[in-house]
Amino acid sequence: MFRTQVDVPTLSSSRSSIRLSLQLSKPHRFSLDMSGVAGLLGGDDAVSAMAAVHIYGNQHWLGWYNNPGSFQIAQQFASLRGNLSQTRFCKRVDTDPTALFGMVECKGPKFRAAHSGTVIQETGYVAALFMKECVAWDSTGRVVPGRRTEPVGITIADLGQAPASEMRPARSSAFTLLFAGIPIAVSIGTCALCAVYEDWYASSLILVGIISSGISCLVLGSADFLFTHPEPAKESPVGDGILISDKDIVVLRGTEGAVNSITRGSFSLRFSSEAHYALIRWCSVLFFIQFITQLPLISQASLFGQAMFLTSLGVSALYNAWLSSLDKEKIHWKLVFERVFKSPTLTKYILGTRTTAAVFMLLAFQPEDPTGLLNELLPNDTKVWKQWKATILERLRHPHDQFSSESEIGDLDGFTEQERHLLGLLYEDARAAYRGYSDALQVD
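Residues numbered from 1 in each chain as written. Predicted model: local features only at pLDDT ≥ 70, side-chain atom pairs only at ≥ 80, totals over all residues. Heavy atoms only, no water.

**Student:** Which parts of the structure should I look at to understand the pairing of strand E8 (residues 248-254)?
**Tutor:** Regular strands place side chains that alternate from one sheet face to the opposite one. The buried fraction of E8 is high, at six of seven residues. Note: strand E4 (residues 152-160) against E8, seven bridges, orientation parallel. From the neighbouring strand, Ile156 faces E8, where its bridge partner is Val251. As defined by bridge partners, strand E7 (residues 241-244) adjoins E8 across four bridges and the pair is classed as antiparallel. For Ile242, the partnering residue across the bridge sits in E8 and is Val251. The hairpin formed by E7 and E8 contains three residues between the paired strands. (Buried < 20%, exposed > 50% of the residue type's maximum accessible area, 1.4 Å probe, protein only. Helix = DSSP H or I, 4+ residues; strand = E, 2+ residues; numbered from the N terminus. Pairing = 2+ DSSP bridges.)

**Student:** Help me out: how do you make sense of the packing of helix H8 (residues 181-196) against helix H9 (residues 200-221) in this one?
**Tutor:** Packed helices, taken two at a time, are described by their axes: the angle between them and the distance between them. For the pair H8 and H9, the least separation of the axes is 7 Å and the interaxial angle reads 155°. With respect to each other, H8 and H9 are oriented roughly antiparallel. Crossing hand, H8 versus H9: left-handed. Side by side, H8 and H9 meet where Ser187, Ile188, Thr190, Cys191, Cys194 and Ala195 of the first sit next to Trp200, Ala202, Ser203, Ile206, Leu207 and Ile210 of the second. Split by residue class, the contact of H8 with H9 holds nine nonpolar, three polar and no charged. (Axes fitted to C-alpha atoms, helices over the stretch in contact; angles between N-to-C directions. Parallel < 35°, antiparallel > 145°, perpendicular 65-115°, else oblique. Left-handed = near helix turned anticlockwise from the far one by under 90°. Contact = heavy atoms within 4.5 Å. Nonpolar A, V, L, I, M, F, W, Y, C, P; charged D, E, K, R; others polar.)

**Student:** Whenever I open this one, the packing of aromatic side chains confuses me. Can you help?
**Tutor:** To describe a pair of aromatic rings, you give the distance between the ring centres and the angle between the ring planes. Evaluation of the coordinates by the stated rule reveals ten aromatic pairs. Ring geometry for Phe130 against Trp333: centres 5.2 Å apart, planes inclined by 75°, an arrangement best described as edge-to-face. Of this pair, Phe130 sits in helix H6 (residues 125-135) while Trp333 sits in helix H13 (residues 328-340), placing them 203 residues apart in sequence. Exposure remark for Phe130: the relative accessible area of 0% places this residue in the buried category. Given the relative accessible area of 8%, Trp333 is considered buried. A ring pair is formed by Tyr319 and Trp322, whose centres lie 6.1 Å apart and whose planes are at 40°; its orientation type is tilted. A residue pair is termed a helical-turn pair when its members lie 3 or 4 positions apart in one helix, as Tyr319 and Trp322 do in helix H12 (residues 303-325) at three residues. (Phe/Tyr/Trp six-rings, centres within 6.5 Å; stacked < 30°, edge-to-face > 60°.)

**Student:** Help me out: how do you make sense of the sheet that holds strand E9 (residues 266-270) in this one?
**Tutor:** Hydrogen bonding along the main chain pairs the strands of a sheet, whether they run parallel or antiparallel. Read across the sheet, three strands follow the order E5-E6-E9 without closing on themselves; strand pairing throughout is antiparallel. For this open sheet the edge positions go to strand E5 (166-167) and E9, each flanked by a neighbour on one side alone.

**Student:** Is there a simple way to think about the nonpolar core in this case?
**Tutor:** One broad trend across soluble globular proteins is that nonpolar side chains are buried collectively. Within the largest apolar cluster, 44 residues are counted, with the highest numbers of intra-cluster contacts made by Phe77, Phe130, Leu159, Leu243, Leu252 and Ile262. Counting residues per element, this core draws most heavily on H6, at seven residues. Leu252 has contacts with Phe111, Phe130, Ala157, Leu159, Asp240, Gly241, Leu243, Val259, Ile262, Thr263 and Phe365, leaving out every residue within four places of it along the chain. Counting residues in hydrophobic clusters, the runner-up holds 37 residues, among them Ala364, Val384, Ala433 and Tyr434. (Core = buried A, V, L, I, M, F, W, Y, C linked by side-chain atoms within 4.5 Å.)

**Student:** Would you explain the state of the cysteines in this entry?
**Tutor:** Disulfide: a covalent bond formed between the sulfur atoms of two cysteine residues. Within the structure shown, the criterion is met by zero disulfides. Residue Cys191 stays outside any disulfide, its sulfur separated by 7.1 Å from that of Cys194, the closest cysteine. Residue class for Cys191 comes out buried when judged on its relative accessible area of 11%. (Disulfide = S-S within 2.5 Å.)

**Student:** Before we go on, may I ask you to explain the confidence of the model for the protein in this structure?
**Tutor:** Residues shown with low pLDDT carry predicted positions that ought not to be read at fine detail. Per-residue confidence for the protein averages 76 on the pLDDT scale, and 74% of its residues sit at or above 70. Scored below 50 in pLDDT, residues 82-95 makes 46 contacts in the model with residues more than four places away or belonging to other chains. (pLDDT = per-residue confidence, 0-100.)

**Student:** Explain unusual backbone geometry here, please?
**Tutor:** Outside of glycine, negative phi angles account for most residues, and trans bonds account for most peptide bonds. The phi angle at Glu198 is positive, at roughly 60°, despite the residue not being glycine. Among the structural elements, Glu198 can be located in the loop between H8 and H9. Even without glycine at this site, Lys342 takes up a positive phi of about 55°. Within the secondary structure layout, Lys342 lies in the loop between H13 and strand E10 (345-351).

**Student:** Which parts of the structure should I look at to understand the pairing of strand E1 (residues 110-113)?
**Tutor:** Burial along E1 is two-sided: Lys110 and Arg112 facing one way and Phe111 and Ala113 facing the other are all buried. Where E1 and E7 come together, four bridges link them in antiparallel fashion. The residue of E7 that forms the bridge with Lys110 is Ile244. Pairing of E1 with strand E2 (residues 119-120) involves two bridges; the strand directions are antiparallel.

**Student:** Looking at this structure, how should I read helix H14 (residues 354-365)?
**Tutor:** For H14, built from twelve residues, the straight-helix expectation of 16 Å at 1.5 Å per residue is met to within 8% by its first-to-last C-alpha distance of 16 Å. When you tally the buried positions in H14, you get eleven out of twelve residues, the bulk of the element. Among all positions in H14, only Thr355, Thr356, Ala357, Ala358, Val359, Phe360, Met361, Leu362, Leu363, Ala364 and Phe365 are buried. (Expected span 1.5 Å × (residues − 1).)

**Student:** Any chance you could explain a nonpolar patch on the surface here in plain terms?
**Tutor:** Taken together, the side chains of Leu193, Val196, Tyr197 and Phe304 present a nonpolar region at the surface, about 420 Å² in accessible area. With respect to the element layout, Val196 can be found in helix H8. Exposure remark for Val196: the relative accessible area of 64% places this residue in the exposed category. (Patch = residues over 30% accessible without salt bridge, like charges linked within 9 Å, V, L, I, M, F, W, Y side chains within 5 Å. Areas by Shrake-Rupley, 256 points an atom, 1.4 Å probe, with all protein chains shown as cover. Salt bridge = Lys/Arg side-chain N within 4 Å of Asp/Glu carboxyl O.)

**Student:** I keep staring at the sheet that holds E4 and nothing clicks. Help me out?
**Tutor:** The strand order across the open sheet built from seven strands is E2-E1-E7-E8-E4-E10-E3, with neighbouring strands paired in mixed fashion. Pairing within the sheet leaves two strands with one partner each, and these edge strands are E2 and strand E3 (142-143). Sitting on the sheet, helix H10 (residues 256-263) is in contact with E1, E2, E4, E7 and E8, with an inclination near 145° to E8.

**Student:** Hey, could you run me through the packing of H9 against helix H11 (residues 275-297) in this one?
**Tutor:** Contact geometry of H9 with H11 gives a least axis separation of 10 Å together with a crossing angle of 165°. By the angle class used here, H9 and H11 are roughly antiparallel. Classified by chirality, the crossing of H11 by H9 is left-handed. Mapping the contact onto sequence places Tyr201, Leu205, Val208, Gly209, Ile211, Ser212, Ser213, Ile215, Ser216, Val219 and Leu220 in H9 and His276, Leu279, Ile280, Cys283, Leu286, Phe287, Gln290, Thr293, Gln294 and Leu297 in H11. Its residues assigned to classes, the contact of H9 with H11 comprises 13 nonpolar, eight polar and no charged.

Now the structure itself:
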């Protein structure tokens, strides 16, 4: 006789199955929880993008989007002190607004005046821009025939009349204005979508970010963007001079004020009153409030709301990174070249040796103290170089009559054959410089 065994569930197994079914029936809540990252990353690019309000026209009206890095922005805004009218793009001071905008200390090349004897060991930002652009024009320079060892470029800049001692150069309205609409549209759109889906946490956080960024851009944009340079005395001589670097020489020709604007000119920001600093610090408080509210509230938003919040930050971060990557030096150079100096005439020559370049520059420049300038460009002081310099300085008095002569090489006593050979090369460099000077500048 067979018996069938039936398993009867015990009380403990029934309780386990009931507990499992209750756990499965509970809705799981997934959270992206990016609040900490949103406040701590991307602040440097955001501040750099805000600095663009003084480069691109009407950019201060286009800051209405949800910016990442609110904590970093709050920290940097809180550090501002002092008078903006005294700040320059080339100074690096911890509380200087130029430090806030990421400008580092920069030094320009040495300047030597042709007539007044003024020597400036380190010029400023504008001179550095001028020299950098002239160095970059190697492919467009006129090549002077002659011996070639280490080519040197000479750029002759005819500056014309001096710009005003204080002016507001028109800012460039570039294609960046079109791209600025992308983060604005995304931030407003995500804020509106969260409101439609009644996710008030995410919608409010995006709205706070839009307001913080927009107000800050308006406050920073209220400063005047100025170009200034010291006015020379009325009795000042002609301001001609040269900027000297290792491989390039820039000859500046113009009035004392025009040359001053290159060697001592600077960009600056100026607010109408010190009260604007209080507004900037209030902007810092606003960004800090934004960061504090993000920490507890973003986790309360729905998954959709968190995704919208992250989307607005991501698009804004991409826009800030792109805007920060643009070459601001190129834009500053365009302001200086086109708006301040009204496109002066620049002509570049490429010479094969520094010796040729020195003689060419002396012929074109006609300084009152050619000895000092020649020693500045060619500090060599051996017997051969001293003899060559003495001959060149004598020839500069009547370059047309004497620079084609070669008789001086054979009449030298006390020089070895090797020294005579070197002198021959140096004299040939001088003749090449004169030929190039005559051809290029049409000197009879």
